[in-house]
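# Understanding the architecture of this molecule
Here's the letter readout for the chains.
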Amino acid sequence: MLRQGEIAFDAGEVFGYFIYEPATSELVGGGGLPRWIGPGGIEIGYWVRSDRTGRGYATAAARALTEAAFDHLGVDYVEIHMDQANHASAAVPPKLGYLLDRSDDTSEILTSGQTGHGWVWTMTRERWRTIHRGPSS
Ligand SMILES: CC(C)(COP(=O)(O)OP(=O)(O)OC[C@H]1O[C@@H](n2cnc3c(N)ncnc32)[C@H](O)[C@@H]1OP(=O)(O)O)[C@@H](O)C(=O)NCCC(=O)NCCS
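Okay, so let's go over this structure. Starting from 1, residues in each chain are numbered consecutively following that chain's sequence as written. For this predicted model, a pLDDT threshold of at least 70 governs which residues receive local features, and a threshold of 80 or more governs which side-chain atom pairs are given and counted, while totals over whole chains, interfaces and linings are taken from all residues.

On to the nonpolar core. A general feature of soluble globular proteins is that nonpolar side chains tend to end up buried together. Counting residues in each nonpolar core, the largest one holds 23 residues, and the members touching the most others are I44, A58, A61 and A62. Secondary structure follows DSSP: runs of H or I at least 4 residues long count as helices, runs of E at least 2 residues long count as strands, and numbering of each begins at the N terminus. Secondary structure elements with two or more residues in this core: strand 1 (14-20), strand 3 (41-48), helix 2 (57-72), strand 4 (77-83) and strand 6 (118-124). By residue number, the principal contributor to this core is helix 2, which donates seven residues. Residues are defined as contacting one another if the C-beta atoms placed from their backbone atoms lie within 7 Å. Apart from the residues lying within four places of it in its own chain, the contact partners of A62 are G31, I44, Y46, I80, V92, P93 and L96. What we call a nonpolar core is a set of buried Ala, Val, Leu, Ile, Met, Phe, Trp, Tyr and Cys residues whose membership is set by joining through C-beta atoms within 7 Å. Put simply, a residue is buried when 20 or more other C-beta atoms lie within 10 Å of its own C-beta and exposed when 12 or fewer do; between those, it is partly exposed, and each C-beta is set from the backbone.

Another aspect to go through is helix 2. Residue count minus one, scaled by 1.5 Å, sets the expected span of a helix. Taking 1.5 Å of rise per residue, 16 residues should cover 22 Å, and helix 2 covers 22 Å from first to last C-alpha, within 8% of that figure. Those residues of helix 2 that fall on the buried side of the exposure criterion are Y57, A58, A61, A62, L65, T66, A69 and F70. After helix 2 finishes, the residue G74 shows a positive phi value of roughly 70°.

Turning our attention to the site of the ligand. In this analysis, residues qualify as near a molecule or strand once their C-beta atom, positioned from backbone atoms, comes within 6 Å of it. Close to the ligand lie 18 residues; T53, A58, T59, H87 and A91 are nearest. Secondary structure elements with two or more residues in the shell around the ligand: strand 3, helix 2, helix 3 (87-90) and helix 4 (92-95). We call Asp, Glu, Lys and Arg charged. Ala, Val, Leu, Ile, Met, Phe, Trp, Tyr, Cys and Pro are nonpolar, and the rest, Gly among them, are polar. Class assignment of the residues belonging to the shell around the ligand gives a composition of nine nonpolar, seven polar and two charged.

Below, the structure is given as structure tokens:
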């Protein structure tokens, strides 16, 4: 997994990271920026170890990845996709100011409990700057 991650990172296909908990230095999750959507945009994905959910780690990771996407990848927008049954994941983007853009009825069902219907949340560069840094920066 690490080797594949390095190859994908160096090829500019998926910029993946791990999440470490400051208090324990333990690996508690991961996140990344896969180039799965069209030019000008990038997607964010995240996961958190089941015994460490509910502590804001996914939200912190999504915040850092969004910032990195606009600062270092030159994209105009960032999207976060999830199945409509994934309420915990869907709680993350609105906390950062993402707007619910559309539903996606082409989502693949990868595990039981998924509906095959997705939500797509979007953040533009302008909105991010306005919300998180102020309009003049
Ligand atoms: C989704 C996931 C990443 C969330 O990680 P997390 O670190 O717990 O996320 P955060 O703590 O930053 O925020 C989660 C929010 O969801 C809320 N939440 C949790 N379970 C929920 C539920 N069943 N219904 C509604 N909201 C829920 C929490 O209350 C929290 O919101 P709050 O801060 O306003 O209280 C984690 O559950 C996970 O790894 N799931 C499996 C992998 C996955 O689904 N990844 C996303 C694929 S799109």
